[in-house]
Amino acid sequence: MNAIIESIGIYHPVQKVYNDFFEKRLETSDQWIRERTGIESRFFCSPDEYTSDMCAQAAKNLSETYHKDLSDVDFIIVATTTPDQVVPNVASQIQDRLNISQAGAVDLSSACAGFCNGLILAKGLIAAGTHRKILVFGADALSKVTDFADRTTCILFGDAAGVVLVERSEENTLLEPLTGTHGEFGKDLYLSSQKSFINGEAVVANNKLHQNGRVVYKWAIQTLSSGLKSLAEKNGLSLDKVDFFVPHSANYRMLEVVFQQLNIPMERCLDSVRRYGNTSAASIPLAWYEGIVSRKVRVDDTLLLMGFGGGFTYSGIGIKNKIKRV
């Protein structure tokens, strides 16, 4: 069985946060943030708004825009590192809120690689013949776990959700995947509210995201550069035959370095980080959506999606775009 994606939806909170928000609280500036990250703005959830709320709104956006009936969806995958709570998972809440009578429901926790992992899982379920209609979300409410006293990381993050509907098809449009992990770097990027042991020493976390920026930056550049090459090869493509690349939008300056190394013009890189900040699992569907509504991405364009992040895990997949601008 083959799979196709013909619809997409996104949601971001109402509160738009510009860089001057941080100027008033930290020793930083709009110019410093733009020069080092490319970020111009991001969106923050309200105090009573959570990941499940954003997912429900993204699904509504998809359903209304593409006139999709979601009542017969048979599996729901939510890629998130910021669930409302551990149990029940976000996917179960979405099943209830969308009035889907029968559907499996699972949350995936692989940070910025989560959305691509969700697509790979959906592709496998459909290929196995066990499912035919799957919602795959990428969503994170990072403002709720950001340490706003850490000026090197708090400027990066935003909140949003994206979703696609993966359906059984005669045509093969979800192409070859790529996955890998370097778990030894887990100590350099983690989020925990429980006591954990790192290098034999007990560490009590405070439910905030901790990041060793230099280590993460170096690994991300190496991983994205080599990963895009490998993903293109797995899909039988040279880099110049790919219409658009859709990497995780962690930092625009980092993307510029990678694409300069690969000798690929930035016009072929779809990003969401400049407008939305780093939204972790949501960043790839946001960039894909923006590419479609701006008329850059057209039907039958070949895309390479590549996520990388916490755990230090990464995943990617080739896509033949079938989503039309509505």
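My aim in this report is to walk through the structure given alongside it, one point at a time. Throughout this description, residue numbers start from 1 for each chain and increase along the sequence as written. Since the coordinates come from a predicted model, pLDDT governs what is reported: local features require at least 70, and pairs of side-chain atoms require 80 or more to be given and counted, while whole-chain, interface and lining totals use all residues. Hydrogen atoms and water are omitted, and side-chain values are computed over all heavy atoms in the structure.

Considerations on the overall build of the protein
Move 1: For helices the rule is a DSSP run of H or I covering at least 4 residues; for strands it is a run of E covering at least 2, with both sets numbered from the N terminus onward. The number of helices and strands found in the protein is nine helices and 15 strands.
Move 2: In this treatment the radius of gyration is a C-alpha quantity, and the globule benchmark scales as 2.2 Å times the residue count to the 0.38 power. Here the C-alpha atoms of the protein give a radius of gyration of 19 Å, agreeing with the 20 Å that 2.2 N^0.38 yields for 326 residues.
Move 3: Overall, the protein is about 55 × 45 × 40 Å in size when its C-alpha atoms are taken along their principal axes.
Move 4: When a residue's accessible area, from a 1.4 Å probe over protein chains only, is under 20% of the maximum for its type it is buried; when over 50% it is exposed; and in between it is partly exposed. Across the 326 residues in the protein, those meeting the buried criterion constitute 55%.
Move 5: All accessibility values rest on the Shrake-Rupley procedure with a 1.4 Å probe; residue burial counts only the protein chains present in the view. With an accessible surface of roughly 14,000 Å², the protein has 47% of that area assigned to carbon and sulfur atoms.

Quick notes on the layout of surface pockets
Move 1: As a volume, the second largest pocket reaches approximately 240 Å³.
Move 2: Each cavity reported here is a set of points on a 1 Å grid over the protein atoms alone in which a 1.4 Å probe fits but cannot get out, each pocket an open set with protein on both sides within 12 Å along at least five of seven lines, and each lining residue one with an atom within 4 Å of a point. Lining the second largest pocket are 15 residues, with Cys269, Leu270, Asp271, Arg274 and Lys296 sitting closest to its centre. Grid points are joined across faces, edges and corners, and a volume is the space filled by probe spheres set on the points.

Things to note about the side chain of Thr302
Move 1: Inspection of the secondary structure puts Thr302 in strand S14 (residues 302-309).
Move 2: Side chain to side chain, Thr302 and Lys320 meet in a polar contact 3.1 Å long. Polar contact is defined as a pair of N or O atoms within 3.5 Å, subject to the rule that within protein one atom must be able to donate a hydrogen and the other to accept it, and that residues adjacent in sequence are counted only when both atoms are side-chain atoms.

A short note on the sheet that holds strand S5 (residues 104-108)
Move 1: The five strands are arranged S1-S7-S6-S4-S5 in an open sheet whose pairing can be described as mixed. Every interior strand has two partners, whereas the edge strands, strand S1 (2-11) and S5, have only one. On average, each strand axis in the sheet is inclined to that of its neighbour by 20°, with strand direction left out of account.
Move 2: Across eight bridges, S1 lies against strand S7 (residues 159-169) in antiparallel orientation. Bridged to Gly9 within S7 is Val163.
Move 3: Across the sheet, helix H9 (residues 283-293) is in contact with S1 and S7; its angle to S1 comes to roughly 90°. Being paired, for any two strands, means DSSP has found at least two bridges between them. Only the contacting stretch of a helix is used when fitting its axis, a line to C-alpha atoms as for every element, and angles between N-to-C directions run 0 to 180 degrees. Any two residues whose heavy atoms approach within 4.5 Å are treated as being in contact.

A look at the nonpolar core
Move 1: Buried Ala, Val, Leu, Ile, Met, Phe, Trp, Tyr and Cys residues form a nonpolar core when they are joined through side-chain atoms within 4.5 Å. Ranked by size, the top nonpolar core spans 41 residues in total, and within it Phe22, Phe245, Phe259 and Phe308 carry the most contacts.
Move 2: Looking at this core, the elements that each hand over two or more residues are helix H1 (20-23), helix H6 (213-234), helix H7 (252-261) and S14.
Move 3: Among the elements that take part in this core, H6 stands out by supplying eight residues, more than any other.
Move 4: Sequence-distant contacts of Phe22, defined by excluding residues within four places in its chain, comprise Val17, Thr28, Ile33, Arg42, Phe44, Phe148, Cys154 and Ile155.
Move 5: Of all hydrophobic cores here, the second largest spans 40 residues; its members include Phe244, Trp288, Ile319 and Ile323.

Observations concerning the sheet that holds S14
Move 1: Taken together, the four strands give an open sheet; going across it, the order is S8-S15-S14-S13, and neighbouring strands pair in mixed fashion. The open sheet has two edge strands, strand S8 (174-181) and strand S13 (244-247), and neither has a second partner. The mean inter-strand angle of the sheet, taken between neighbouring strand axes irrespective of direction, is 15°.
Move 2: Note that S8 and strand S15 (residues 313-320) share six bridges and pair antiparallel. When the sheet's bridge partners are listed, Thr179 is paired in S15 with Ser315.
Move 3: Relative to the sheet, helix H5 (residues 114-127) contacts S8, S14 and S15, its axis offset from that of S15 by approximately 60°.

Notes on the environment of Gly158
Move 1: Tracing the backbone through its elements, the reader meets Gly158 in the loop between strand S6 (133-141) and S7.
Move 2: Sequence separation between Gly158 and Ile317 is 159 residues; the distance between their C-alpha atoms is 24 Å.
Move 3: Not counting residues up to four positions away in its chain, the partners in contact with Gly158 are Arg42, Phe43, Phe44, Asp140, Leu142, Tyr276, Asn278 and Thr279.

Observations regarding the pairing of strand S3 (residues 41-44)
Move 1: Neither face of S3 is left uncovered, since the one carrying Ser41 and Phe43 and the one carrying Arg42 and Phe44 both have all their residues buried.
Move 2: Summarising the sheet, strand S2 (residues 15-18) and S3 pair through four bridges and their orientation is antiparallel. Across the sheet, residue Tyr18 finds its bridge partner in S3, namely Ser41.

Focus: the environment of Gln31
Move 1: For Gln31, the position within the fold is in helix H2 (residues 30-37).
Move 2: Gln31 sits 293 residues away from Lys324 along the chain, and the two C-alpha atoms are 37 Å apart.

Description of the packing of helix H3 (residues 51-66) against helix H4 (residues 90-97)
Any two packed helices are characterised by the angle at which their axes cross and by the distance between the axes.
Move 1: Contact geometry for H3 and H4: axes closest at 10 Å, N-to-C directions at 45°. Here H4 runs oblique to H3, going by the angle between their axes. The hand of the H3/H4 crossing is right-handed. The residues of H4 that touch H3, namely those facing Thr51, Ser52, Asp53, Cys55 and Ala56, are Val90, Gln93, Ile94 and Arg97.
Move 2: Each residue is assigned to one class: nonpolar for Ala, Val, Leu, Ile, Met, Phe, Trp, Tyr, Cys and Pro, charged for Asp, Glu, Lys and Arg, and polar for all the others, Gly among them. Its residues assigned to classes, the contact of H3 with H4 shows four nonpolar, three polar and two charged. Oblique is the label for every angle not falling under 35 degrees (roughly parallel), over 145 degrees (roughly antiparallel), or within 65 to 115 degrees (roughly perpendicular). In this scheme the crossing of two helices becomes right-handed for a clockwise turn of the near helix relative to the far one and left-handed for an anticlockwise turn of less than a right angle.

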